[in-house]
Amino acid sequence: MLLLLLGIIVLHVTVLVLLFVSTIVSQWLVNGGHTADLWQNCTSGSVFHCLASSSNEWLQSVQAMMILSVIFSVLALFLFFCQLFTLTKGGRFYITGVFQILAGLCVMSGAAIFTVRHTDWHQASENTSYGFAYILAWLAFPLALASGIIYVILRKRE
């Protein structure tokens, strides 16, 4: 049982790290020396220069979804530890699972909106590709969903 709990905690912390990195790092779109993320557009060359991202409504919704996913995942981890010590024997971790599933759905929504609408913000060119932070956001989605489902199925033992 201890190994199972340790595995679940490692999975949850992995999801949390993926969510933090994908939300913070400036690598959602890459085009040569130009990178763009949810918060700023940067160009590198002789001088590294960053400008604030646009204030498009869809970009603000992606920002909100990513922040909500981080908040829900942090709350789920906190609730898991609280329930670990207060839940009666045989009880299920429903609240923790629901918050983790919400985190997964928020990151999926944010990444999907970005996928559909990023051409409104930056014109698609042959050199433009998705950065590693975008890929980490999509990777966090199934892991958060799996973690949430595991929490819902999990029963507390002695």
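Residues numbered from 1 in each chain as written. Predicted model: local features only at pLDDT ≥ 70, side-chain atom pairs only at ≥ 80, totals over all residues. Heavy atoms only, no water.

**Overview of the overall build of the protein**
Next up, step 1: A count of helices and strands for the protein gives 4 helices and 5 strands.
Next up, step 2: Listing the helices and strands of the protein from first to last along the sequence gives α-β-β-β-β-α-α-β-α.
Next up, step 3: The buried share of the protein, reckoned over its 158 residues, is 39%.
Next up, step 4: A separation threshold of at least 6 residues defines the contact pool for the protein, and within that pool the share at least 24 residues apart is 72%.
Next up, step 5: Split by element, the accessible area of the protein, about 8,400 Å² in all, is 71% carbon and sulfur. (Helix = DSSP H or I, 4+ residues; strand = E, 2+ residues; numbered from the N terminus. Buried < 20%, exposed > 50% of the residue type's maximum accessible area, 1.4 Å probe, protein only. Contact = heavy atoms within 4.5 Å. Areas by Shrake-Rupley, 256 points an atom, 1.4 Å probe, with all protein chains shown as cover.)

**Notes on the packing of helix 1 (residues 2-24) against helix 4 (residues 132-153)**
Next up, step 1: Closest axis-to-axis distance for the helix 1/helix 4 pair is 8 Å, and the angle between their directions is 150 degrees. The angle between helix 1 and helix 4 places the two elements in the roughly antiparallel class. Here the hand of the crossing between helix 1 and helix 4 comes out left-handed. Here I8, L11, H12, V15, L18, L19, V21 and S22 of helix 1 come into contact with helix 4, specifically with F132, A133, L136, A137, L139, A140, L143, A144, S147, I150 and Y151.
Next up, step 2: Its residues assigned to classes, the contact of helix 1 with helix 4 shows 16 nonpolar, 3 polar and no charged. (Axes fitted to C-alpha atoms, helices over the stretch in contact; angles between N-to-C directions. Parallel < 35°, antiparallel > 145°, perpendicular 65-115°, else oblique. Left-handed = near helix turned anticlockwise from the far one by under 90°. Nonpolar A, V, L, I, M, F, W, Y, C, P; charged D, E, K, R; others polar.)

**What about the environment of F93?**
Next up, step 1: Of note, F93 is situated in the loop between helix 2 (57-86) and helix 3 (94-121).
Next up, step 2: As for F93 and L154, which are separated by 61 residues in sequence, their C-alpha atoms are 6.4 Å apart.
Next up, step 3: Each residue touching F93, except ones within four places of it in the same chain, is listed here: F80, Q83, L84, L87, Y151, V152, L154, R155 and K156.

**Digging into the confidence of the model for the protein**
Next up, step 1: Taken residue by residue, the protein gives an average pLDDT of 85. The fraction at 70 or more is 87%.
Next up, step 2: When the elements of the protein are averaged for pLDDT, strand 4 (residues 49-52) gives the smallest value, 66, and helix 4 the largest, 93. (pLDDT = per-residue confidence, 0-100.)

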